[in-house]
Amino acid sequence: MRICPPRPAFAILMVALADCAFGLNPSLSLTQFIHTSWTESEGAMVPYITAVAQSTDGYLWLGTRQGLLRFDGLHLVPWNPLPGEALPDKSIDSLAASAGGGLWIGTKGRIVRLEHGHLVQYTIMNGSPDGGIAAMVEDRAGRLWAGNVRPKAKAGGLVLLDNGRVKTYGTENGLQKPEVLSLFFDHEGTLWVGTLGGFCKWDAREARCHPVRPPFAAAQDAETLGPPAQKPFRLVKAILQDRQGTMWLGTVGQGLIRVRDDRFESFSRKDGLSSDDVEALAEDREGNLWVGTSNGFDRFREPKVAKWTTFEGLSGNFITAVCSTRGGDVWVGAFSRGLNRIRGNQIVRYSRSSGLPNDTVFSLHEDVNGTLWAGTGKGLARLSGERFVEVPVVDHSPFLSQTMTSVRSGVLWLADSNRGLARLRDGRVEEWQAEGMPSDAVYRLGSSRNGDLWVGYIKDGIAVIRGDSVVQTYTAETGLAAGAVQAIYEDRAGSMWIGTREGLSRIRNGRWTTWTAKQRVPLGGIQAMTEDDGGHLWLVTPAGMLLLTLEDLSRTPDGVPASLFFSTYGPDDGIRIADIPGTMDPRLAKSVDGRLWLSTGDGVATIDPASIRTNTLAPPISIEQLIVDGKRMDVTAHDIRFRGRAVQIDYTALSLTSPEAVRFRYQLEGFDRDWVEAGTRRQIVYANLPPADYRFHVIASNNDGVWNQEGAVLSFRCEPYFYQTRLFSALCLCALGLSVWGVVRLRVGQIRSRFQLVLAERTRLTREMHDTLLQGFAGVVYQLEAASRQAATAPDLSKKRVERALEQADQSLREAREALSSMRLSALEHSTLSEALLATGKQILEGTPARFDMDVTGRVRQLPYDIQANLYIIAREAINNALNHARPESVTLELAYSRDSVRLTVEDDGVGFDPDNTPVREDHWGLGGMRERARLIGARLTVQSERGLGTKIAVVVDRGASKSRG
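In this text the structure is predicted, and so the values were computed from the model without any measurement.

(A) Examining the overall build of the chain more closely. Helix and strand counts for the chain stand at nine helices and 66 strands. With 966 residues in all, the chain has 52% of them scored as buried. Summarising the internal contacts of the chain: among those between residues at least 6 apart in sequence, 54% fall at separations of at least 24. Surface exposure of the chain reaches about 46,100 Å², of which carbon and sulfur atoms provide 50%.

(B) Summary view of the sheet that holds strand E58 (residues 676-679). Sheet architecture is open: five strands sit in the order E55-E61-E60-E57-E58, paired in mixed fashion. A strand with exactly one partner marks an edge of an open sheet, and here the two such strands are strand E55 (641-642) and E58. Pairing between strand E57 (residues 663-669) and strand E60 (residues 692-701): seven bridges, direction antiparallel. When the bridges of E60 are listed, Phe-664 appears paired with Ala-700.

(C) Seen up close, the state of the cysteines. Under the counting rule described, the total for this entry stands at one disulfide. Across a sulfur-sulfur distance of 2.0 Å, Cys-200 and Cys-209 are joined as a disulfide pair. With the S-S bond torsion at 90 degrees, the cross-link from Cys-200 to Cys-209 turns out right-handed. With respect to class, Cys-200 is no different from Cys-209; both count as buried.

(D) Quick look at the nonpolar core. One finds Leu-833, Leu-837, Leu-871, Ile-879, Leu-893 and Leu-904 to be the most contacted residues of the largest nonpolar core, which totals 35 residues. Those elements that provide at least two residues to this core are helix H6 (833-845), helix H7 (865-886), strand E63 (890-897), strand E64 (901-908), helix H8 (927-936) and strand E66 (951-958). Here this core gets ten residues from one element, more than from any other, and that element is H7. When sequence neighbours within four positions are dropped, the list of residues in contact with Leu-893 reads Leu-837, Phe-852, Asp-853, Met-854, Asp-855, Ala-875, Ile-879, Leu-904, Thr-905 and Val-906. Counting residues in each nonpolar core, the second largest holds 27 residues, with Ile-621, Phe-642, Ala-700 and Ala-712 among its members.

(E) Highlighting the packing of H6 against H7. Direction vectors running N to C along H6 and H7 enclose 20 degrees, while the axes themselves pass 10 Å from each other. As summarised for this structure, H6 and H7 are arranged roughly parallel, according to the angle between their axes. The crossing of H6 and H7 is right-handed. Residues Leu-833, Ala-836, Leu-837, Thr-840, Gly-841, Ile-844 and Leu-845 of H6 pack against Gln-868, Leu-871, Tyr-872, Ala-875, Arg-876, Ile-879, Asn-880 and Leu-883 of H7. A class-by-class count of the residues in the contact of H6 with H7 yields ten nonpolar, four polar and one charged.

(F) Structural context of the sheet that holds strand E65 (residues 940-945). The five strands are arranged E62-E63-E64-E66-E65 in an open sheet whose pairing can be described as mixed. Each edge of the open sheet is held by one strand with a lone partner, namely strand E62 (851-857) and E65. Geometrically, the sheet is characterised by an average inter-axis angle of 10 degrees between neighbouring strands, direction not taken into account. Judged from the eight bridges that link them, E64 and E66 form a sheet pairing that is antiparallel.

(G) Representation of the packing of aromatic side chains in the model. In the structure shown here, the tally under the stated rule is 29 aromatic pairs. Here Phe-71 and Phe-297 contribute two aromatic rings whose centre-to-centre distance is 5.2 Å and whose plane-to-plane angle is 80 degrees, an arrangement assigned as edge-to-face. Taken together, the positions of Phe-71 in strand E4 (residues 67-71) and Phe-297 in strand E24 (residues 296-301) put the pair 226 residues apart, joining distant regions of the chain. Taken as a pair, Phe-71 and Phe-297 share a single burial class, namely buried. Put simply, the rings of Trp-38, Phe-71, Trp-290 and Phe-297 touch in pairs and so form one group of aromatic residues. Across the ring face of Trp-104, the terminal group of Arg-113 is positioned such that the distance to the ring centre comes to 4.8 Å.

(H) Highlighting the pattern of salt bridges. Enumeration over the complete set of coordinates arrives at 40 salt bridges. With a closest N to O distance of 2.8 Å, Asp-602 and Lys-307 form a salt bridge. Linking Asp-602 in the loop between strand E51 (596-600) and strand E52 (603-607) with Lys-307 in strand E25 (residues 306-308), this pair joins segments that are 295 residues apart in sequence. Taking the relative accessible area as the measure of exposure, Asp-602 reaches 29% and is therefore partly exposed.

(I) How the structure looks around the confidence of the model for the chain. With 87% of its residues at a pLDDT of 70 or more, the chain has an overall mean of 84. In this model, residues 920-925 is a region of pLDDT below 50 whose contacts with residues beyond four sequence positions or in other chains number eleven contacts.

(J) Highlighting unusual backbone geometry. Residue Asp-585 is joined to Pro-586 through a cis peptide bond whose omega torsion reads -5 degrees. Inspection of the secondary structure assignment puts Pro-586 in the loop between strand E49 (567-569) and strand E50 (588-590). Although it is not a glycine, Ser-336 adopts a positive phi angle of roughly 60 degrees. Looking at the secondary structure, you find Ser-336 in the loop between strand E27 (330-334) and strand E28 (338-343).

(K) Inspection of the environment of Gly-164 at higher detail. Structurally, the position occupied by Gly-164 is in the loop between strand E12 (158-162) and strand E13 (165-169). Between the alpha carbons of Gly-164 and Tyr-122 there is a distance of 7.6 Å; along the sequence they are 42 residues apart.

(L) Focus on the environment of Asp-552. Tracing the sequence through the fold places Asp-552 in helix H3 (residues 550-554). A relative accessible area of 40% places Asp-552 in the partly exposed class. Through-space distance from the C-alpha of Asp-552 to that of Leu-564 is 9.4 Å; in sequence the pair is twelve residues apart. Within polar-contact distance, the side chain of Asp-552 engages the side chain of Arg-555 at 2.5 Å.

(M) Here's a closer look at the pairing of E13. In the sheet, E12 pairs with E13 via five bridges, with the strands oriented antiparallel. Across the sheet, Val-159 pairs through a bridge with Thr-168, a residue of E13. Once E12 ends, the chain turns through two residues before running back antiparallel as E13, passing Asn-163 with a positive phi of about 55 degrees.

(N) Spotlight on H7. Its 22 residues give H7 an end-to-end C-alpha distance of 30 Å, which sits within 8% of 32 Å, the value for a rise of 1.5 Å per residue. Counting buried residues along H7, 17 of its 22 residues qualify, which places the element largely inside the surrounding structure. Just downstream of H7 lies Arg-887, where phi reads positive at about 45 degrees.

(O) Representation of the pairing of strand E10 (residues 133-138). Of all the six residues making up E10, five are buried; the element is thus mostly covered by neighbouring parts of the structure. Two strands pair when backbone bridges link them, and E10 and strand E11 (residues 144-148) are joined in this way by five bridges, in the antiparallel orientation. Residue pairing in the sheet places Ile-133 in a bridge with Asn-148 of E11. The hairpin turn running from E10 into E11, its antiparallel successor, is five residues long, and Gly-142 in that turn takes a positive phi close to 85 degrees.

(P) Examining a nonpolar patch on the surface more closely. On the surface, Leu-733, Leu-736, Val-740, Val-744 and Val-748 cluster together into a nonpolar patch covering about 450 Å² of accessible area. On the secondary structure map, Leu-733 appears in helix H4 (residues 726-790). The exposure class assigned to Leu-733 is exposed, which follows from its relative accessible area of 60%.

(Q) Main features of H8. Turning to H8, its buried residues are Leu-927, Gly-929, Met-930, Arg-933 and Ala-934. Buried positions in H8, seen along its axis, are confined to an arc of 160 degrees and lie on one side of it. Positive phi appears at Gly-938, one or two residues downstream of H8, with a value of about 70 degrees.

(R) Structural context of a negative patch on the surface. The grouping of Asp-855, Glu-889, Glu-894, Glu-907 and Asp-909 at the surface amounts to a negative patch. Mapped onto the elements of the fold, Asp-855 is located in strand E62.

(S) How the structure looks around the packing of H7 against H8. Taken N-terminus to C-terminus, the directions of H7 and H8 make an angle of 165 degrees; their axes are 10 Å apart at the nearest point. Here H7 is positioned roughly antiparallel relative to H8, judged by the angle of their axes. Crossing of H7 against H8: the hand is left-handed. The segment H7 lies against H8, with Asn-870, Ile-873, Ile-874, Glu-877, Ala-878 and Asn-881 engaging Met-930, Arg-933 and Ala-934. Its residues placed into classes, the contact of H7 with H8 shows five nonpolar, two polar and two charged.

Reading the values: the criteria
- Residues numbered from 1 in each chain as written.
- Predicted model: local features only at pLDDT ≥ 70, side-chain atom pairs only at ≥ 80, totals over all residues.
- Heavy atoms only, no water.
- Helix = DSSP H or I, 4+ residues; strand = E, 2+ residues; numbered from the N terminus.
- Buried < 20%, exposed > 50% of the residue type's maximum accessible area, 1.4 Å probe, protein only.
- Contact = heavy atoms within 4.5 Å.
- Areas by Shrake-Rupley, 256 points an atom, 1.4 Å probe, with all protein chains shown as cover.
- Pairing = 2+ DSSP bridges.
- Disulfide = S-S within 2.5 Å.
- Core = buried A, V, L, I, M, F, W, Y, C linked by side-chain atoms within 4.5 Å.
- Axes fitted to C-alpha atoms, helices over the stretch in contact; angles between N-to-C directions.
- Parallel < 35°, antiparallel > 145°, perpendicular 65-115°, else oblique.
- Left-handed = near helix turned anticlockwise from the far one by under 90°.
- Nonpolar A, V, L, I, M, F, W, Y, C, P; charged D, E, K, R; others polar.
- Phe/Tyr/Trp six-rings, centres within 6.5 Å; stacked < 30°, edge-to-face > 60°.
- Lys NZ or Arg CZ within 6 Å of the ring centre and 35° of its normal.
- Salt bridge = Lys/Arg side-chain N within 4 Å of Asp/Glu carboxyl O.
- pLDDT = per-residue confidence, 0-100.
- Polar contact = N/O pair within 3.5 Å; in protein donor to acceptor, adjacent residues only side chain to side chain.
- Expected span 1.5 Å × (residues − 1).
- Patch = residues over 30% accessible without salt bridge, like charges linked within 9 Å, V, L, I, M, F, W, Y side chains within 5 Å.
- Arc of directions from axis to C-beta.
- Lys, Arg positive; Asp, Glu negative; His and termini not counted.
- Charge placed at Lys NZ, Arg CZ, Asp CG, Glu CD.

Below, the structure written as structure tokens:
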């Protein structure tokens, strides 16, 4: 494994980056690489691809007939120039990445450089207006070489752009034809030029191109391309020499060609290529090959796990069993397609014609004597020389050997899920049963180095057989993982490992340790297991192959399972675990060279644990856009400020090997307290960020967990709205203070108003007490004094004076009670003014000959309390006066609401009086008190009365007076 030293930045020469990256392994066939295509038929909006290049920031650029596309491994985005800038032509002919940063774009007759989002155009002198830049490549000095496909007569088709200066070279410089179709540099830095007349090698000292045979000439001259036969390839549109020195050719009509050491291999539409017309080739910084075609684009990447399929010569792809022998061979059974022996890179097939009882092989095993046994759908066979010999059964009925093993004594044991356990004795298969064995169907067999036979059952449980007897049984109740026993394995230290449908168990020192889903065992349990030469334990699960360090597991105390930590190899690495019956055995084997072989539904997978390639390149990270309330901001700006509620940040990491496996962490410094695990999510939205300065930092890891700790950073300031500023807070405080001051002033005014009202009431009450109680009792005292003086001389007159004094005292007490009652206005506490007046009028006149009527007109509205209280007292006083002094037959009260005033009228049909000739003590009738109350509330009081015609008292309160007291 090659480890590169850390680098300070990612804008480093691609050549330097290439030194730390692997290319595609030339020992693998094209069909063994992981191939992915993007076409319109697969849902991707991919037009005709004419050029492919990867810039130093990690993005993959695709040139098309409709413009330029940018690809991050997951999202294909059309690129648009900045306002005021434009490409000379939408049709892109070629692309080349600049080692110093930026991207070269070739269009009709012009070359454009894209750097930091801006375009710089270079015009090719003497170029044909309808010509195009067919190829571009940058040399180690940073100079750009371009090929003009249709130069004018006598004009050069090879163009050199050096620091803005343009030079052209043509046939006078050794080009066979002026039309240049392809350019590439070999590993020695030599420029190769492909024209319509052939290839030539550029000599910089002579400024001349010397015609030579290209490095793939031997393959091009061949009449066939190997199996299957094809016509020789002639028209090459794209050429690439990768880091391993392999030549890749993009042809018209024959797809992709790989050439190495005069050996060549093709990959075309029938193999899955998006089109047979290849226009462009590029190798990215991680060693992946990108192919642009007329129908889309393709990626070839090296798998961690290689596959052998029918493309490599296997008889079938549905693999049932795989077994390695001590001689170095790997035997592979294919469902209904016989048996395959892999020796080196050669495959030999065996079938019924080779002696197999049946072409479906369920189990394979090499016994302690080195004999290979094959269990088929119609019986057992052993390999003898180059043929298989069928083994007879004692009762001549078919015995389906679905799993088998041999013990140290050399006895071969077999199991049929329907017929149970059997062993080979005297060259014949005979069934075997021992006392104490469970009656469940046998599912898996295994053996230990001490000679014990381990029998696993389909429901659950293990029986250990030594000799001819059962010595021990284990179940879930004794600590074994529950579920069908799918794998039995003994490690180098002598511990037995059992894989079941629900977990993994180890017995050591007589004690079980069991790992289940709680310790991260995948659903479906363990289907097979083995130990590699490096001391790692490999487990086959429905999720893929798990790699665990056996030393770590060995340190786990017996009976105390700790969480499992493992690496997973699954579909992204070329492994697709087949859902095949567990009765096929074995599913995993280790060959003598240390490689692991796994049966799948798509061929046999092989992995070399000692040479697993790790992607050591940390992915460059880019913050692509910042969107605030739907408006896109310029992320390249030095100072980013905005006001907004919804802040969306889109970011990506440029690892093109397995972009779906890239993991992210981010932190918004100033908001997030710690790093946030984002998983594969490439977008984050913040809502209602407080005004502050923020710094968004995102880091990422590639598919092998290599982190780019430097990451990418975006700083911005969220400006406050006016209501979030200090000025607004100060104004709010001032407003609050003024509000409090206003409320206090209002409350003080209300208290003062009520105090004045109470004071006025006290004044009125004092006056009325003076006019009633005090003056009345003064008269009483006067009568009593006179009666006492006449008691002796005029007893009858004295008696009358005493009676008159008593009547006067009663009258004074009655008037005092009435005066005191005017302070309690409980009638208004839970009733409106009209309701209180109606109830009071009826109460006063109840039990008298007088009738009480009340009428309310207009739109009733709430009046200030002091106005309602004074109107109520005035009305009550007027009704009392009418009853006590006017002897009326009826009393009428009218409460009229109008837009501008409120009018209260109390009218009776009593004896009346003459207001102009009222006695001096008219206030004894309460008129003085009424006038005083009317004055307090700013009302007008009028009295209309004539003797014998009754009395009418009216009080009018204007709207302005009522508002001023509101």
